[in-house]
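# Survey of secondary and tertiary structure
Next come the chains, spelled out residue by residue.
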Amino acid sequence: MDKLRIRGGRTLRGTVRVSGAKNAVLPALAAALLTDGELTLHNVPRVHDVTTMFRVLEHLGAEGIVEDGNSCRVRVRSLRGPEAPYDLVRKMRASVLVLGPLVARFGRARVSLPGGCAIGERPIGMHLSALRSLGATIDLAHGYVDASAGRLVGAAITFDQKTVTGTENILMAASLAAGTTTLRNCALEPEVVDLASLLTKMGARIGGAGTDVITIEGVDSLSGAEHTIVPDRIEAGTFIMAGILAGGDVTVEMCRPEQLAAPLDRLRAAGARLEIDGERVHVTGGADLTGRDIITAPYPGFATDLQAQFMTVMTQARGFAVITEAIFENRFMHVSELKRMGADISHDGRRAVIKGPTPLAGAQVMATDLRASACLVLAGLIGEGWTELNRVYHIDRGYERIEEKLLALGAEIERVS
Ligand code: EPZ
């Protein structure tokens, strides 16, 4: 099992280029199920979750997926079988994104319930009730979702709360339904907008993506398309915080700063020195930081996927910072690991209080989920001595070549098998 070893204290300098967004490419790959045409995707990050989605698609019937650097070509002419099996879905709950496309195009889907993960129970009830509204019959048995339908029929649907993959699943399903679907209380995430732009290139008729209300006029079929995946705003935010903690001067390029408005606002309010220049963010480290409170929220609020990384920054800020995790019920596993490195944090349920600044000491730490791993890498960059991050497969799920990118910025980091 690989681990990352990081010696803290090095000053980061230079430019890092953000990869394509994992959470945009996963629904884009699922969209390949909606057509017998070929999808060509560019700016695809080489991360484990993408490889897992390739496996799921091949299991369902995708012809040999061609990968060429950060591009891939996917085609699903026919269905080998409607089942996304447990051993693949348990590795990546985003596999649930094949549900909508399978029912819409083939009238059949058998997808393992994703089950919980480290950060929470992660139910999919909103996905299922919305599919029922489109006319699908949904049964739950033996840990699987069994869905079947004739042609789906457009409907008016309002989500009880914002759900990113729920919005994406229904966006895809409604694209092939008969008639018009109106989705209300949709997720506004840039990854939803990116999926809508891909579906439009495939021939879907979608209006309002990126707003609370999305209207989809179903069409009889969709064609293949070529699409470049949006940059990963979470990776961009992670490297910006690396620059705040351990810069020198770091430039994060190929990012969309407007998609990071809430996190950048809070980081600036804490005293971080950031300068936006088009698709670049220049970070100058060494600023005196002050504790600032955040509450995670659906986009455009403070992204829950940047909460753990922000906590590492707050360990170096003067005074108190209160972090409220309002999206997931158990997304503070990184707290105990940061405390082992010397952080002063107390937490109950959904609220953590960080008192800073506290010097961090390198330690053997355990990654528990993708973003907690990133927060521990940031802590390792400033921890005195060596930090050893175990279970690094978590970070490989969502960060492309993170040690190479940090090495290029001057960090002392190595992967140890
Ligand atoms: C997406 O997960 C992202 N994953 C997550 O990123 C991200 O943290 C999350 O959105 C929130 O922004 C992908 O896009 C592949 P939700 P998703 O449905 O869609 C509850 C990462 O690190 N809920 O928006 O699964 C749910 O439990 C990952 O890259 C229901 O109750 O999240 C959560 O509390 C982690 N019923 C809240 O809604 C449902 O049917 C938001 O979940 C669906 C969701």
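Coordinates for the structure precede this section.
Below is a short write-up of the structure. (Residues numbered from 1 in each chain as written. Predicted model: local features only at pLDDT ≥ 70, side-chain atom pairs only at ≥ 80, totals over all residues. Heavy atoms only, no water.)

### What to know about the overall build of the protein
- When helices and strands are tallied, the protein shows 14 helices and 24 strands.
- Compactness check: the protein gives a C-alpha radius of gyration of 21 Å against a globular reference of 22 Å for 417 residues, within 12% of the reference.
- Seen through its principal axes, the protein has C-alpha atoms that stretch 60 × 45 × 40 Å.
- Burial statistics for the protein: of 417 residues in total, 58% are counted as buried.
- Pairs at least 24 residues apart make up 73% of the contacts formed inside the protein by residues separated by at least 6 positions. (Helix = DSSP H or I, 4+ residues; strand = E, 2+ residues; numbered from the N terminus. Rg over C-alpha atoms; globule rule 2.2 N^0.38 Å. Buried < 20%, exposed > 50% of the residue type's maximum accessible area, 1.4 Å probe, protein only. Contact = heavy atoms within 4.5 Å.)

### Some words on the sheet that holds strand S13 (residues 214-217)
- One open sheet holds the 4 strands; their spatial order is S10-S11-S13-S12, and the pairing between them is mixed. Across the chains shown, the open sheet's two edge strands, defined by having one partner strand only, are strand S10 (156-158) and strand S12 (205-207). The mean inter-strand angle of the sheet, taken between neighbouring strand axes irrespective of direction, is 15°. (Pairing = 2+ DSSP bridges. Axes fitted to C-alpha atoms, helices over the stretch in contact; angles between N-to-C directions.)

### Describing helix H8 (residues 233-246)
- Here H8 spans 20 Å end to end across 14 residues, near enough to the 20 Å set by a 1.5 Å rise per residue.
- The buried fraction of H8 is high, at 14 of 14 residues.
- Among the residues of H8, the N-terminal cap falls to aspartate 232, whose side-chain oxygen and the backbone nitrogen of isoleucine 234 are separated by 2.9 Å.
- Positive phi appears at glycine 248, one or two residues downstream of H8, with a value of about 30°. (Expected span 1.5 Å × (residues − 1). Polar contact = N/O pair within 3.5 Å; in protein donor to acceptor, adjacent residues only side chain to side chain.)

### Topic: the packing of aromatic side chains
- Under the defined criterion, the tally for this structure stands at 1 aromatic pair.
- Note on phenylalanine 302 and phenylalanine 310: the rings are 5.2 Å apart at their centroids and 70° apart in plane angle, and the pair reads as edge-to-face.
- Residue classification places phenylalanine 302 among the buried residues on the basis of a relative accessible area of 4%.
- One cation-aromatic arrangement involves arginine 5 over tryptophan 386; the distance from NZ or CZ to the ring centre is 4.3 Å. (Phe/Tyr/Trp six-rings, centres within 6.5 Å; stacked < 30°, edge-to-face > 60°. Lys NZ or Arg CZ within 6 Å of the ring centre and 35° of its normal.)

### Notes on the environment of glutamate 235
- Relative to the assigned elements, glutamate 235 resides in helix H8.
- Residue classification places glutamate 235 among the buried residues on the basis of a relative accessible area of 3%.
- Along the backbone, glutamate 235 and histidine 127 are 108 residues apart, and their C-alpha atoms lie at a distance of 27 Å.
- Here glutamate 235 is in contact with Val18, Ser19, Tyr399, Glu400 and Lys405, once residues within four sequence places are set aside.
- At 2.8 Å, the side chain of glutamate 235 and the backbone nitrogen of serine 19 are in polar contact.
- At 2.6 Å, the side chain of glutamate 235 forms a polar contact with the side chain of lysine 405.

### So, the nonpolar core
- With 80 residues, the main nonpolar core has Leu29 and Leu199 as its most contacted residues.
- When neighbours within four sequence positions are excluded, leucine 199 is seen to be in contact with Ala31, Leu34, Leu171, Met172, Ser175, Ala204, Ile206 and Leu222.
- Ile354, Ala367, Val392 and Ala411 belong to the second largest nonpolar core, which has 68 residues in total. (Core = buried A, V, L, I, M, F, W, Y, C linked by side-chain atoms within 4.5 Å.)

### Here's the deal with the packing of H8 against helix H10 (residues 307-314)
- Between H8 and H10, the shortest axis-to-axis distance is 10 Å and the interhelical angle comes to 5°. When the axis of H8 is compared with that of H10, the two are roughly parallel. Residues Ile234, Thr238, Met241, Ile244 and Leu245 of H8 form the contact with H10, whose participating residues are Gln309, Phe310, Thr312 and Val313. (Parallel < 35°, antiparallel > 145°, perpendicular 65-115°, else oblique.)

### Considering the site of the ligand
- Around the ligand, a shell composed of 22 residues is seen, among which Arg93, Thr163, Thr165, Asp305 and Ile327 lie nearest.
- Within the contact set of the ligand, an oxygen atom lies 2.9 Å away from a side-chain nitrogen or oxygen of arginine 371.
- For the shell around the ligand, the secondary structure elements donating two or more residues are helix H1 (22-30), helix H5 (125-133), helix H6 (164-175) and helix H12 (370-382).
- The biggest single contributor to the shell around the ligand is H5, with 3 residues.
- Looking at the shell around the ligand residue by residue, the class counts come to 8 nonpolar, 7 polar and 7 charged.
- Of the residues that make up the shell around the ligand, three or more belong to each of domain 1 (3-19 + 231-416) and domain 2 (22-228). (Near = heavy atom within 4 Å. Nonpolar A, V, L, I, M, F, W, Y, C, P; charged D, E, K, R; others polar. Domains from an automatic or database assignment.)

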